[in-house]
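Coordinate inspection notes
Now for the letters of each chain:
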Amino acid sequence: ITTGLLVGTLDSVLDSTAKVAPFRILHQTPDSQVYLSIACGANREEITKHWEWLEENIMKTLSVFDSNEDITNFVQGKIRGLIAEEGKHSFAKEDDPEKFREALLKFEKCFGLPEQEKLVTYYSCSYWKGRVPCQGWLYLSTNFLSFYSFLLGSEIKLVISWDAVSKLEKTSNVILTESIHVCSQGENHYFSMFLHINQTYLLMEQLANYAIKRIFDKETFDNDPVLDDPLQITKRGLENRAHSEQFNAFFRLPKEETLKEVHECFLWVPFSHFNTHGKMCVSENYICFASQDGNLCSVIIPLREVLAIDKTNDSSKSVIISVKGKTAFRFSEVKEFEQLVAKLRLKCGATSTQYHNISTEVPVSSDSVDPSDDTEVQSLTCQRECSKTVNTEALMTVFHPQNLETLDSKMLKEKMKEQSWNILFSECGRGVSMFRTKKTRDLVVRGIPETLRGELWMLFSGAVNDMAANPGYYAEVVEQSLGTCNLATEEIERDLRRSLPEHPAFQSDTGISALRRVLTAYAFRNPKIGYCQAMNILTSVLLLYAKEEEAFWLLVAVCERMLPDYFNRRIIGALVDQAVFEELIRDHLPQLTEHMTDMTFFSSVSLSWFLTLFISVLPIESAVNVVDCFFYDGIKAILQLGLAILDYNLDKLLACKDDAEAVTALNRFFNNVTNKDSPLPSSVQQGSNVSDEKSSHVRVDITDLIRESNEKYGNIRYEDIHSMRCRNRLYVIQTLEETTKQNVLRVVSQDVKLSLHELDELYVIFKKELFFSYYWCLSSPVLKHHDPSLPYLEQYQIDCQQFRVLYHLLSPWAHSANRDSLALWTFRLLDENSDCLINFKEFSSAIDIMYNGSFTEKLKLLFKLHISPAYTEVQYKDPSNGDELSKEELLYLSQLHVSKPAKEKEAKSAKNSPEKEKEKVNIQAYLSQWQDELLKKEENIKDLPRMNQSEFIQFSKTLYNLFHGDPEEESLYQAIAVVTSLLLRMEEVGRKLHSPTSAMKGLSGVVCVSGVPIEGQAEKPLEKEPSSPREEPQWSFAFEQILASLLNEPALVKFFEKSIDLKAKLENAKTSQLSSRTKK
């Protein structure tokens, strides 16, 4: 329903004061005389639209209700929600904050989230609980998707964190025409009956992907300053951001560009002599135009190329933009064209000033047709100043110069291609501001001529803009990166001679040196990507056709814009596009999907297709045609070609019995792909090396294959690919996270008695607490420690504050009065490398002992908590808080460690994390670490240090606190008093044997309790212990003494050996984790 169509007041028809519309839709419950006005309209056409909407969205749902009363309640709730939704949009336009404030208060009241949780927007919708829809409100905030409904006497409350969403899609079925499906931790949720479902879905998609980037994909997130502060996220901001991303992707502009204005207008196309209708898009540095049918005509005008901006005085409302090269663009029927001209003149004035100094160095002739010439000369001037080594010619022109005297048929065809492009340039212009039309695409599909390839790759990829904005940058980076030595440069050196080794250019030092410089310079520019193996293959092809600096900027365009996240450790971008490819196979080649038992076959086969743009599987003379299409159409070209290849081999693949046979069939096909028009010498062509014996196999020309891919699959839209990428990104990252979890659980399960299910639940709670710390704390260093390249166990680690929250939720000893101190000491005990962080293995080992440990193991844990290095004296700054430590106190005390020489600390840190300090993997350090872990398992109780006087007093206090509230409290107190008394007497006897005169002095302040103690009575005498009888040796106890004494008391043994229900504790922790977090 469009805005304003649906109006309903739910007024009774009997209300004589109401103005009755000519056409209305009424709802009456049987056995009721009251009619409810559902919709009204001024004419039959309007009311029919209402009726069709009701049929489509409401009536299909009514069949699931059992009673008429339920139907009435549902319809009332639904119509009320839609009215409120429509009202919300009207007040949003007026920027009235009152309604939003009211919704915000309801959001905070319903879900009890911290006030820092930013509500972005809210929608009326229905949530499907089983087969019954529940009408309510969907709240979208920075970290959560929340739903609240109170209808038919029942309350429904749902809170899903965005980082737990693994699937988000629009679906439809028999009952639901259109709904949004959300899958989180294996549970499916369906929301439907939105007034604007597409808008809602896009916003949900953005928030989910924002959370995924922020939490899991740190490499991408760090490069995106817009997302740094979640408190600044707004609905309008997200919508603007989505438009800017779509704008930059379509016109291949730098990521920093922001879409500022959009104007509907007509652009005069001089060579076709007609006005084409479309949209003018204006950003900080560009004016772009795309016709309504994006393939028909598009133009990119950098403001640096603009010479003048004028307006006409007639009624055409025209804006005329003149650029270098004697070209002018006429935009007509532009609303508010006068204001637009004023703004553009202001922008161009600033831009002209910015480039003024540069352009005066190298004057450009007035009849120049290539607006990139000035930038080219500037950058070459800088290169001469910075470095004499950079190649200024494409390798193809050096190693395969065209001989114009001996023109064979292939060279003639090549010249005809060039002539076709020259005709196009004369019509559409040449350079960055040329018209791009359907004819341009047709020429690209036929293959770009060898001499124009570098220029047009730069143009279509947008790399020409990057280079123009950064004159001299490449030469400077080459200078800075020369001589650097790290893991990336070592890998580059190893792969240099594996890059097109059959090509003469890379059998000489000229090509190898150029390749080294480009790859090393890029690794220096972007250390987060550094170097990935497929980059050498791609760069070697770029160097054949583009000058060295141009090849560098083409590589930047591919790695950072056109194939985002492809070239990093986890190749997430490639995995996402493979998932998109699988989805397209299911849609376009269903018979192949039915035949293949496992779709992962396509992923394993197609990975190299995506990473190397088919260069690694096709002969070089054919692969360059694919690269032509890629730079023009982006990833769409690779997906289309992949589908065409599978379609061409469909019968063979359906006849294959296993994956190996299918791989062989595809490899044979690739070997028989040719490029009959390629002017490359036969010594370089790879396809020509196929022996004639294989001529029985049908040869396929790459041009025909690309043309077929465009004809059959050219209707795949950029918007659909973007949506599929977003959707599959959630799935891919959650799958990687699941893999991390399974590997962690496999490692940890070998050392604990917890079941796999219990470990799984524990891991989810552990990780969730880590994320909660990051939701509302911008300065939190928590996720700075998350590095997916680290070993699985090191990827997620918690600090002492997070550990305390988990200790309170999960520990069976959390009821103790000094639980904060126990949490602190436990954390210090587990933090063996003193980096103030512990991983899941360390965390689960403590929980395992508390629940599954024997009497001796539990006692040993308590003993170790009260001796160095775990134990530290806790002094409370604010006595009014009792035994509760503030966050600052806790973090400060967790950082106090036994003093060690600085060198020893560094050595230990490096030893515990062999990969943190060095990029090289230190195998020796790993072996040493493994040996240390084996020795730990064999730890003998005799190796434990003795417990001194003050530590024993605190140990006794902890035992008393643990027993408080237990049904056997009295007998436990009696038992501990007996043990304490016995231990002190034993120590006294031992002292008399060694030093009869001083035995009593050390015990003068200790009073033993022999009767039935009360907690206060028992602790009080222990506190009388004098703090400084240093002239006398203090008494101490060995662990064996304490263990032997406690074993004599059945009540104590029974207390520590009684089983505790961990399952119930885990369930309670999951439900109360968020609320306990918000209280902190």
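Just so you know, these numbers come straight off a predicted model, no measurement behind them.

**Description of the overall build of the protein**
- Counting its secondary structure elements, the protein contains 43 helices and 23 strands.
- Across the 1080 residues in the protein, those meeting the buried criterion constitute 53%.
- Here the analysis covers contacts within the protein between residues at least 6 apart in sequence; of these, 67% occur between residues at least 24 apart.
- In the form shown here, the protein has an accessible surface area of approximately 49,800 Å², with 52% of it arising from carbon and sulfur atoms.

**A word on a negative patch on the surface**
- A cluster of acidic side chains, namely Asp 598, Asp 658, Asp 659 and Glu 661, defines a negative patch on the protein surface.
- Position of Asp 658 among the secondary structure elements: in the loop between helix H24 (650-655) and helix H25 (659-671).

**Quick notes on the side chain of Thr 440**
- Positionally, Thr 440 belongs in helix H11 (residues 438-446).
- When its relative accessible area of 0% is taken as the criterion, Thr 440 is described as buried.
- With residues near it in sequence (within four places) discarded, Thr 440 still touches Trp 421, Leu 424, Phe 435, Phe 460 and Tyr 632.

**Considerations on the sheet that holds strand E8 (residues 179-184)**
- A sheet is described by the order of its strands in space; here seven strands give the open sequence E6-E5-E4-E3-E9-E8-E7, paired in antiparallel fashion. With one partner strand each, in any of the chains shown, strand E6 (154-161) and strand E7 (165-171) form the two edges of the open sheet. On average, adjacent strands in this sheet sit at an angle of 30° to one another, irrespective of strand direction.
- Of the pairings in the sheet, the one linking E7 to E8 comprises six bridges and is antiparallel in character. Each residue of the ladder has a partner; that of Leu 168, found in E8, is Val 182.
- Strands in contact with helix H3 (residues 97-111) are strand E3 (119-129), strand E4 (132-141), strand E5 (144-151) and E6; relative to E3, the strand with the most contacts, it is inclined by about 60°.
- Across the sheet, helix H4 (residues 197-215) lies against E3, E4, E5, E7 and E8, angled at about 165° from E7, the strand it touches most.

**Here we look at empty space enclosed by the protein**
- One pass over the structure, following the stated rule, counts nine cavities of 30 Å³ or more.
- Approximately 100 Å³ is the volume found for the largest cavity.
- What lines the largest cavity is a set of 13 residues, among which Cys 629, Asp 633, Ala 637, Ile 706 and Asn 710 lie closest to the centre.
- Mapped by element, the contributors of at least two residues to the lining of the largest cavity are H11, helix H22 (620-633), helix H23 (635-648) and helix H26 (702-713).
- With four residues, the top contributor of residues to the lining of the largest cavity is H22.
- When grouped by side-chain class, the residues that make up the lining of the largest cavity number eight nonpolar, three polar and two charged.

**Thoughts on the pattern of salt bridges**
- Scanning the entire structure with this criterion turns up 38 salt bridges.
- For Asp 677, the salt bridge is made with Lys 413, and the minimal N-O distance between the two is 3.1 Å. Of the two residues, Asp 677 sits in the loop between strand E18 (673-674) and strand E19 (700-701) while Lys 413 sits in helix H10 (residues 409-428), which places them 264 residues apart along the sequence.
- Judged by relative accessible area, which is 14%, Asp 677 ranks as buried.
- Using a relative accessible area of 40% as the deciding quantity, one classes Lys 413 as partly exposed.
- A salt bridge links Asp 751 to Lys 841; its shortest N-O distance comes to 3.4 Å. Taken together, the positions of Asp 751 in the loop between helix H27 (718-749) and helix H28 (756-775) and Lys 841 in helix H31 (residues 840-852) put the pair 90 residues apart, joining distant regions of the chain.
- The class of Asp 751 is partly exposed, set by a relative accessible area of 35%.
- Here Lys 841 falls in the partly exposed class, since its relative accessible area comes to 23%.
- Connected through salt bridges with shared partners, the residues Glu 450, Arg 453 and Asp 628 form a single ionic network.

**Focus on the confidence of the model for the protein**
- Residues of the protein with pLDDT of at least 70 account for 77%, and the chain-wide mean is 79.
- With pLDDT under 50 throughout, residues 1-20 is counted as low confidence; its partners more than four residues away or in other chains account for 37 contacts.
- Scored below 50 in pLDDT, residues 998-1031 shows 52 contacts in the model against residues more than four places distant or in partner chains.

**Here's the deal with helix H12 (residues 453-461)**
- Counting buried residues in H12 gives eight out of nine residues, a clear majority hidden from the surface.
- All of the buried residues along H12 are Arg 453, Gly 454, Leu 456, Trp 457, Met 458, Leu 459, Phe 460 and Ser 461.
- Directly after H12, the chain includes Gly 462, whose backbone phi takes a positive value near 85°.

**Let's talk about the packing of H27 against H28**
- Running from N to C, H27 and H28 cross one another at 125°; their axes reach a closest spacing of 10 Å. Relative to H28, the element H27 lies oblique. Here the hand of the crossing between H27 and H28 comes out right-handed. Contacts from Glu 737, Thr 740, Lys 741, Gln 742, Val 744, Leu 745, Val 748 and Ser 749 in H27 reach Leu 756, Leu 759, Asp 760, Tyr 763 and Lys 767 in H28.

Procedures and definitions
- Residues numbered from 1 in each chain as written.
- Predicted model: local features only at pLDDT ≥ 70, side-chain atom pairs only at ≥ 80, totals over all residues.
- Heavy atoms only, no water.
- Helix = DSSP H or I, 4+ residues; strand = E, 2+ residues; numbered from the N terminus.
- Buried < 20%, exposed > 50% of the residue type's maximum accessible area, 1.4 Å probe, protein only.
- Contact = heavy atoms within 4.5 Å.
- Areas by Shrake-Rupley, 256 points an atom, 1.4 Å probe, with all protein chains shown as cover.
- Patch = residues over 30% accessible without salt bridge, like charges linked within 9 Å, V, L, I, M, F, W, Y side chains within 5 Å.
- Salt bridge = Lys/Arg side-chain N within 4 Å of Asp/Glu carboxyl O.
- Lys, Arg positive; Asp, Glu negative; His and termini not counted.
- Charge placed at Lys NZ, Arg CZ, Asp CG, Glu CD.
- Pairing = 2+ DSSP bridges.
- Axes fitted to C-alpha atoms, helices over the stretch in contact; angles between N-to-C directions.
- 1 Å grid on protein atoms, 1.4 Å probe; cavity = no way out; pocket = protein on both sides within 12 Å on 5 of 7 lines; lining within 4 Å.
- Points joined across faces, edges and corners; volume = space filled by probe spheres on them.
- Nonpolar A, V, L, I, M, F, W, Y, C, P; charged D, E, K, R; others polar.
- pLDDT = per-residue confidence, 0-100.
- Parallel < 35°, antiparallel > 145°, perpendicular 65-115°, else oblique.
- Left-handed = near helix turned anticlockwise from the far one by under 90°.

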